[in-house]
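So you can see what is in the structure, the chains are spelled out below.
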Amino acid sequence: MRTFIYLLFVIALFSSCKKENKEQEEPLFSGPYNIVYIMSDDHAKKAISAYDTTLIKTPNLDRLAEGGIVFNSAFVTNALCGPSRAVMLTGKYSHINGFRDNGDTFNADQWTLPKELQKNGYQTAVVGKWHLKSKPQGFNHYTVLIDQGEYYNPRFVTEADTLRPIGYTTDLITDKAIEWLDTRDSLKPFMLMVHHKAPHRNWMPNTKHLSLFNEDVPVPDNFFDDYENRSDAAAQQDMRIDDMFLSMDLKLQPDNYEKETGTGGGGPNFDPERNWKNIYGRLTEEQRKEWDAHYDSIGDNFRKSDLTGKELSLWKYQRYMKDYLRSIYSVDENVGRLLDYLEKNDLMESTIIIYTSDQGFYLGEHGWYDKRFMYEESFGTPLLMHIPNYSGPSRREEMVMNLDFAPTLLDYAGVPSLPELQGKSLRNIIEGKDSEWRNSVYYHYYEYPHGWHNVKKHYGVRNERYKLVHYYNDIDQWELFDLKNDPNEMVNLYDHPEYIDMVDNMKNELLKLQKEYHEPDSIVQKTIQKTE
Ligand code: SGN
Ligand code: CA
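Caption draft 1: Representation of the overall build of the protein within the structure. Broken down by element type, the protein carries 15 helices and 16 strands. Every one of the 532 residues in the protein was classed for burial, and the buried ones make up 62%. Sequence separation of at least 24 residues holds for 68% of the intrachain contacts in the protein that already meet a minimum separation of 6. Accessible surface for the protein amounts to roughly 21500 Å². Of this, 48% is attributable to carbon and sulfur atoms. The average position of the 61 basic charges and that of the 83 acidic charges among the side chains of the protein differ by 3 Å.

What follows is the structure, given as structure tokens:
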């Protein structure tokens, strides 16, 4: 039945284009929409020119945003890969969907968006990073990377096979996505999820882009943060650019330096040099030649320059940023390839396109890389949407979340939402139907003390102006920030006498959200104890 309705819509759309007399035009395509959901890994908003033109030009992402919507205040519920993906698939917070940190295994038997769409006549496919451990369910087709995946010559698993194509992963993921689009049943609506590995650590660009970004990149004002006036959690993380590995992060070879010095966030048993040897060893001879042609001289210069102290930190920052931006260049190029395909195949008028990241990332703010914290850089995430025939405002300020993706896409698919979904359909904002959008967002991060980077467990609430965070477990400290006067979150106002009432207000809001989202009592109690 759905197929039939879809076919009618397609016919209606086609005939509407042919008619000369405007008054007799059929209504524009109104669904069920196709969905192309593109998600990269660790892409900071600041590295998309639709948000900020300082670091990089991303013409294809901007092209997606043009005529569409740029969400300026999009957030994740838990700034880590697996948890974010699980939220997207289920429309529920980590404590409900059961996937709290990257050490968990996703319970794939639970309700998910692709299963629901499939049930309602959609064809579904996912290509790229998966990282949920259990086998994908609810997809007519999947080609996914194993675990984190590799930047070059990656291993993919499909429902039938293991593949190991030669090439650069961002290109290959797009190839596979286009192959699927080409072979799908074109009479049915579809949802295609394209999950890039890039620009995840260790930021390996395509060799053809190694010559880009040779100018130095501006250094954030708080790069040399001393973490004063913050909770101890900020000082005790292990994600400083200063502590990056010379080998796997900065791509030096062992003869370029005396000894590896970084801590790199992986704990004492992680062996960066062995890891780098494996990664580098995966390159084909030809790839290695192109790689070395670029990095050999960087290594030679590094050895000769004998950098120390701040100079060394800044050298690391520049090395990191250049590889990060080059990796994004390829993501942008490949988004362009996909858009070209959709345009050539007349799919733009019937397809919702989303570009987002599994969370934001630090590009030197507080001296950091990685994510996890509820500070703006990682809590925030890019969100660009193409909606066919959209003519509303191109920027939206409402606080939206990755929690909202499932309800939004159900809405555009014409499938009723489920009461247990915890997000809201963005269509309400997009079509101006909801004057009562949420005015605060709730966050909860769990991966501690296991996992990477030593970021303490915390939860918090943010409204338009203020943010309250509680670090717990082996610490019991709070932070309050005024985002208007202190956008870089450098001054914790929690103990400031002038903010006693504000702290109270924010705690009440926090409690309200914890109850609304059904946090377990053990968590709610941690807030209540502090409220009395
Ligand atoms: C890897 C990285 C970490 C990163 C986690 C989680 N180390 O373990 O730096 O925080 O992934 O990232 S690496 O040596 O493998 O690069 S996530 O995006 O998958 O959550
Ligand atoms: Ca990520």
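Caption draft 2: Local environment of the sheet that holds strand S10 (residues 383–386). Here 10 strands make up an open sheet; going across it, the order is S7-S6-S5-S4-S8-S1-S9-S10-S2-S11 and the pairing mixed. With partners counted over all chains shown, the strands left at the sheet margins are strand S7 (162–163) and strand S11 (395–396), one partner each. By the bridge criterion, 6 bridges tie strand S4 (residues 123–128) to strand S8 (residues 190–195) in an arrangement that is parallel. Within S8, the residue paired with Gln123 across the bridge is Phe190.

Caption draft 3: The domain arrangement of the protein, seen in detail. Each assigned domain of the protein is listed with its residue range as follows: domain 1 (34–204 + 322–434), domain 2 (236–319) and domain 3 (445–531). Taken over C-alpha atoms, the centre of domain 1 sits 30 Å from the centre of domain 2. The junction of domain 1 with domain 2 conceals about 2000 Å² of combined surface from both sides, 53% of it contributed by carbon and sulfur atoms. Ranking the residues of domain 1 by area buried against domain 2 places Asn202, Met204 and Tyr369 at the top, with a combined share of 27%. A salt bridge links Arg201 to Asp249, with the shortest nitrogen-to-oxygen separation between them at 2.7 Å. Viewed at the interface, domain 2 and domain 1 are joined by 16 residue pairs in polar contact (both at pLDDT 80 or more).

Caption draft 4: Just the coordination of the calcium ion (ligand 2), in detail. Binding of the calcium ion (ligand 2) to the protein goes through Asp41 (OD), Asp42 (OD), Asp358 (OD), Asp358 (OD), Gln359 (OE1) and Gln359 (NE2), at separations of 2.1 to 3.0 Å. Written as a sequence motif, the donor arrangement for the calcium ion (ligand 2) is D-D-x315-D-Q. Remark: Gln359 occurs in the loop between strand S9 (351–357) and helix H11 (376–379) and Asp41 occurs in the loop between strand S1 (34–40) and helix H2 (59–65); sequence separation between them is 318 residues. Per residue, the accessibility class of Asp41 equals that of Gln359, and both read buried.

Caption draft 5: Region of interest: helix H3 (residues 81–90). For H3, a buried count of 10 out of 10 residues is recorded, marking the element as mostly surrounded by other parts of the structure. The complete set of buried residues in H3 reads Cys81, Gly82, Pro83, Ser84, Arg85, Ala86, Val87, Met88, Leu89 and Thr90. Tucked inside the fold, the buried residues of H3 contact S1, helix H4 (94–97), helix H5 (113–119), S8 and helix H12 (405–413). Positive backbone phi, approximately 70 degrees, marks Gly91, located one or two places after H3.

Caption draft 6: Inspection of a nonpolar patch on the surface at higher detail. There is a patch of nonpolar side chains on the surface, built from Val219, Phe224 and Leu314 and spanning about 220 Å² of accessible area. Looking at the element boundaries, Phe224 is found in the loop between S8 and helix H7 (232–236).

Caption draft 7: Seen up close, the environment of Tyr329. Here Tyr329 shows up in helix H10 (residues 309–344). Distance from Tyr329 to Asn34, taken between C-alpha atoms, is 26 Å for residues 295 residues apart in sequence. When sequence neighbours within four positions are dropped, the list of residues in contact with Tyr329 reads Ile56, His209, Leu212 and Phe213.

Caption draft 8: Highlighting the pattern of salt bridges. All chains considered together, the criterion is met by 35 salt bridges. Asp242 serves as the salt-bridge partner of Arg240, at 3.1 Å between the closest nitrogen and oxygen. For Arg240, a relative accessible area of 27% puts it in the partly exposed group. The partner of Glu509 in a salt bridge is Lys512, and the shortest N-O contact between them spans 3.4 Å. Residue Glu509 and its partner Lys512 are both found in helix H14 (residues 500–516); the two are separated by 3 residues, about one turn of the helix. According to the relative accessible area criterion, Lys512 is partly exposed, its value standing at 43%.

Caption draft 9: Region of interest: the packing of helix H9 (residues 285–305) against H10. Orientation of H9 relative to H10, taken along the N-to-C sense of each, is 175 degrees, at an axis distance of 13 Å. Taken as axis vectors, H9 and H10 run roughly antiparallel relative to one another. Residue-level contacts link His294, Tyr295, Ile298 and Phe302 of H9 to Leu312, Trp315, Arg319, Asp323 and Arg326 of H10.

Caption draft 10: Molecular detail of the packing of aromatic side chains. Tallying each qualifying case throughout the model produces 36 aromatic pairs. When the centroid spacing of 5.6 Å and the interplanar angle of 55 degrees are considered together, the rings of Tyr93 and Tyr442 count as tilted. Here Tyr93, found in the loop between H3 and H4, pairs with Tyr442, found in strand S13 (residues 440–445); they are 349 residues apart in sequence, far enough to count as distant. Residue class for Tyr93 comes out buried when judged on its relative accessible area of 1%. An aromatic cluster of at least three residues, connected via ring pairs, comprises Tyr151, Tyr152, Tyr168, Trp276, Tyr280, Trp291 and Tyr295. Positioned over the ring face of Tyr280 is Arg288, at 5.2 Å from the centre of the ring. If you follow Lys310 out to its NZ or CZ, it ends over the ring of Phe224, 4.5 Å from the centre.

Calculation criteria
Residues numbered from 1 in each chain as written. Chains lettered and ligands numbered in written order. Predicted model: local features only at pLDDT ≥ 70, side-chain atom pairs only at ≥ 80, totals over all residues. Heavy atoms only, no water. Helix = DSSP H or I, 4+ residues; strand = E, 2+ residues; numbered from the N terminus. Buried < 20%, exposed > 50% of the residue type's maximum accessible area, 1.4 Å probe, protein only. Contact = heavy atoms within 4.5 Å. Areas by Shrake-Rupley, 256 points an atom, 1.4 Å probe, with all protein chains shown as cover. Lys, Arg positive; Asp, Glu negative; His and termini not counted. Charge placed at Lys NZ, Arg CZ, Asp CG, Glu CD. Pairing = 2+ DSSP bridges. Domains from an automatic or database assignment. Buried area = accessible area lost by both parts, 1.4 Å probe. Salt bridge = Lys/Arg side-chain N within 4 Å of Asp/Glu carboxyl O. Polar contact = N/O pair within 3.5 Å; in protein donor to acceptor, adjacent residues only side chain to side chain. Donors = N, O, S within 2.8 Å, 3.2 Å for Na, K, Ca; no water. Patch = residues over 30% accessible without salt bridge, like charges linked within 9 Å, V, L, I, M, F, W, Y side chains within 5 Å. Axes fitted to C-alpha atoms, helices over the stretch in contact; angles between N-to-C directions. Parallel < 35°, antiparallel > 145°, perpendicular 65-115°, else oblique. Phe/Tyr/Trp six-rings, centres within 6.5 Å; stacked < 30°, edge-to-face > 60°. Lys NZ or Arg CZ within 6 Å of the ring centre and 35° of its normal.

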